Amino acid sequence: MTRAFNPTQEVFRTTQERVYFQVRDAILRGKFLPGHAITIRGLAAELDCSPMPVREALRRLTSERALEVSDTRRVTVPTMTLEKLAEICAARVVLECQAAEQALPFVDEEALEALCELDTRVNIALAEKDIEQYVTANLDFHFTLYRLGRPHIILSLIESLWLQTAPLQHLVFQRFGVQELPDRHKDLLMGVARGDVEQVRRAIRQDIEEGLGSISAEELL
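For clarity, every value in this text was computed on a predicted model and none was experimentally measured.

## Observations regarding the packing of helix H5 (residues 109-128) against helix H6 (residues 131-147)
Turning to step 1, where the next piece is worked out: Viewed as axis vectors pointing N to C, H5 and H6 meet at an angle of 160 degrees, and their least axial separation amounts to 8 Å. The pairing of H5 with H6 is recorded here as roughly antiparallel in orientation. Considering only the axes of H5 and H6, their crossing is left-handed. Taken together, the residues of H6 that come into contact with H5 (itself represented by Leu115, Leu118, Asp119, Arg121, Val122, Ala125 and Leu126) are Gln133, Tyr134, Thr136, Ala137, Asn138, Asp140, Phe141, Thr144 and Leu145.

## A closer look at the side chain of Arg29
Turning to step 1, where the next piece is worked out: Following the sequence through the fold, Arg29 ends up in the loop between helix H1 (15-28) and strand E1 (37-38).
Turning to step 2, where the next piece is worked out: Reaching out from Arg29, the side chain makes a polar contact with the side chain of Asp25 at a distance of 2.6 Å.

## As for the sheet that holds strand E2 (residues 68-69)
Turning to step 1, where the next piece is worked out: Strand order across the open sheet formed by three strands is E1-E3-E2, with antiparallel pairing between neighbours. Lying at the two open borders of the sheet, with one neighbouring strand each, are E1 and E2.
Turning to step 2, where the next piece is worked out: In terms of strand pairing, E1 meets strand E3 (residues 75-76) through two bridges, oriented antiparallel. Its bridge partner lying in E3, Ala37 is registered against Thr76.

## Considerations on the pattern of salt bridges
Turning to step 1, where the next piece is worked out: With the rule as written, the count across this model stands at twelve salt bridges.
Turning to step 2, where the next piece is worked out: Notably, a salt bridge pairs Asp187 with Arg184, separated by 3.4 Å at the nearest N-O pair.
Turning to step 3, where the next piece is worked out: Here Asp187 falls in the partly exposed class, since its relative accessible area comes to 27%.
Turning to step 4, where the next piece is worked out: Among the residues examined, Arg184 registers a relative accessible area of 23% and is labelled partly exposed.
Turning to step 5, where the next piece is worked out: Note that Glu210 and Arg184 form a salt bridge whose closest N and O atoms lie 2.8 Å from each other.

Here is what the cut-offs are and how they apply
Residues numbered from 1 in each chain as written. Predicted model: local features only at pLDDT ≥ 70, side-chain atom pairs only at ≥ 80, totals over all residues. Heavy atoms only, no water. Axes fitted to C-alpha atoms, helices over the stretch in contact; angles between N-to-C directions. Helix = DSSP H or I, 4+ residues; strand = E, 2+ residues; numbered from the N terminus. Parallel < 35°, antiparallel > 145°, perpendicular 65-115°, else oblique. Left-handed = near helix turned anticlockwise from the far one by under 90°. Contact = heavy atoms within 4.5 Å. Polar contact = N/O pair within 3.5 Å; in protein donor to acceptor, adjacent residues only side chain to side chain. Pairing = 2+ DSSP bridges. Salt bridge = Lys/Arg side-chain N within 4 Å of Asp/Glu carboxyl O. Buried < 20%, exposed > 50% of the residue type's maximum accessible area, 1.4 Å probe, protein only.

As structure tokens, this is what we get:
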């Protein structure tokens, strides 16, 4: 069985904070699929902690819509509908275009080189059809760019939307692979290097709509 949780590289003040970020990271990286049931006891055992910090982490992630609680108090990764997916896709376009534009004034040579290195990781993962590495590298690429503009409010909203769709995208990748995914990162990097706002916004929109927005009703089943 593949380990769901990466060892944390950060130092957290409390166990509760560590558990929250480890579970959140696992969801973002597609370790839990839609419909997956999550138990407090199981997470506590895997994360080597008491049930209390796990319970609080699940509460926070439920409030962020990354998880949901049924009438029977069962915690699961939500399934997706086409209507909800279309709304999330539209919201991501607006927010991520803004975050990318906001980042442009802060892109120096070092930052651009880091983005290019991350995109190389994405391309290698696509070529090798490595789903796990693709998900990780793509996540790191986008959020490295967005964080440059220090978008505190926007970034939290973007993260919430990624949390809601990451399990579905990973499920689709498992079924159909990643080799046919469109790659708009080259256009995005060219726009970033030039400081071309319109090219950056267009590449972000196409990246989201051709990836997340192209998931069909059959793929949701």
